Amino acid sequence: MSLLTGSGTGSLTDRTPPSIRRAIWDGSIPVQILLNPGESRIFDSSDPFYIQLPRLTYLPLIYQQLWEFFAPDLIDRGNVGVGSAWLDFEGVPLKWHWPVGLLYDLLTARDPGSVPGGPVGWATEDEHRLPWTLTLHYSEFPEGAGVRKFSSGGGGGGGGGDGGGGGGGGVGTAAVIEGVQDAFVNSLKEADYMRNGNARGVMGLSMKDSDRLWTAVETHDFDMYWSVADKLITNSTYPIRNIPLRVYLPTGLKVIQRLISPYLPNRDPITIGAALRQMVPKLFQSPRTAIIARPVLHGIVIPMQTPLVELLKEGVYMDGFLHVAVAMMS
């Protein structure tokens, strides 16, 4: 299955690397966002908010837009704010520090390889046909659901601070953006450490490059992002020690992370199938053939014999990780 088209046959080498990167970067999901009816002063329901979200972005980066659209309809507008927002999909709270594309692939639990028409033309009977419908909340923050709270100090982690917003609007846009940036940088450092055995690549970036990297994520600028990311991933002065790989299981949103060497003892590059057999042997019993589940990255089923080193250089998420969702086969 081609990484570019999501259908047919092929491999990562079917196109030049820049084309693959660009196709991934341009991937997007049509989204419909509804305000929780219990928080709306409109008798029937508020108008929905529609947006074409890049797969490579984070939900809080649109919180300001959501606030401007829905604030006039809120019952308790004076006691909540931009940073009070949280979203759910079919009752499951969304982790705001996970990329949008990963959330979609994981929570819809769709097997792209079994859907008629591929990832663009979903069948009309598909229970999760597009647009992806999410529910927006400004109250009753889901404590204990693994969803981070925004604090008034802007920190991205933990549950401290006022988080859900207080009188006068609570946590504002600046604190939300700062929280997302902190979470992104921490993940970037962790990926760098796994990849090289140290985080000197990220820590050694100039202030200008560090700022450009985050600005590229915030503004979804492909050229700006890769002008810096290539220094960390493709042109690093350090040999790759381990693949920054996280595997996400749909049941309980479980995350599995282990140190995976890029090469086997015979120096052949390890494939995603071989890595998954190490990490999730009950679901991936063969390193060559998907029997029970398939690996999905950026909405595309990845062939089991794809070398992870190749995948890392072309299919990495913005934070330097390969975030692979597991889709159970129909």
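It should be noted that the structure appears before, not after, this text.
Residues numbered from 1 in each chain as written. Predicted model: local features only at pLDDT ≥ 70, side-chain atom pairs only at ≥ 80, totals over all residues. Heavy atoms only, no water.

Once that is clear, we can look at the overall build of the protein. Helix and strand counts for the protein come out as nine helices and ten strands. Put simply, the protein has 330 residues, and 52% of those count as buried. Contacts in the protein between residues far apart in sequence, at least 24 positions, make up 66% of those at least 6 positions apart. Total accessible area on the protein is roughly 14500 Å²; 51% of this is exposed by carbon and sulfur atoms. (Helix = DSSP H or I, 4+ residues; strand = E, 2+ residues; numbered from the N terminus. Buried < 20%, exposed > 50% of the residue type's maximum accessible area, 1.4 Å probe, protein only. Contact = heavy atoms within 4.5 Å. Areas by Shrake-Rupley, 256 points an atom, 1.4 Å probe, with all protein chains shown as cover.)

Bridge count between strand β1 (residues 28-35) and strand β2 (residues 49-54): six bridges; the pairing is antiparallel. From the neighbouring strand, P30 faces β2, where its bridge partner is Q52. In terms of strand pairing, β1 meets strand β5 (residues 132-137) through five bridges, oriented parallel. Each bridged residue has a counterpart across the sheet, and for L35 the counterpart in β5 is L136. (Pairing = 2+ DSSP bridges.)

Burial analysis of helix α8 (residues 272-279) places six of its eight residues in the buried class, the great majority of the element. For α8, the complete set of buried residues consists of I272, G273, A274, A275, L276 and M279.

All right, on to the packing of helix α6 (residues 207-219) against helix α7 (residues 222-233) then. For the pair α6 and α7, the least separation of the axes is 8 Å and the interaxial angle reads 125 degrees. Here α6 lies oblique to α7, going by the angle between them. With respect to the hand of their crossing, α6 and α7 are arranged in left-handed fashion. Side by side, α6 and α7 meet where D209, R212, L213, T215, A216 and V217 of the first sit next to M224, Y225, S227, V228, A229, K231 and L232 of the second. Its residues assigned to classes, the contact of α6 with α7 comprises eight nonpolar, two polar and three charged. (Axes fitted to C-alpha atoms, helices over the stretch in contact; angles between N-to-C directions. Parallel < 35°, antiparallel > 145°, perpendicular 65-115°, else oblique. Left-handed = near helix turned anticlockwise from the far one by under 90°. Nonpolar A, V, L, I, M, F, W, Y, C, P; charged D, E, K, R; others polar.)

All chains considered together, the criterion is met by seven salt bridges. Between D230 and R21 there is a salt bridge, and its shortest N-O distance comes to 3.1 Å. Separated by 209 residues along the polypeptide, D230 in helix α7 and R21 in helix α1 (residues 17-25) bring together distant segments of the chain. Across the pair, R21 and D230 agree in class, each one buried. The partner of R21 in a salt bridge is E314, with the nearest N and O atoms 3.1 Å apart. With R21 in helix α1 and E314 in helix α9 (residues 308-315), this pair connects stretches of sequence that are 293 residues apart. Salt bridges sharing common partners tie together R21, D230 and E314. (Salt bridge = Lys/Arg side-chain N within 4 Å of Asp/Glu carboxyl O.)

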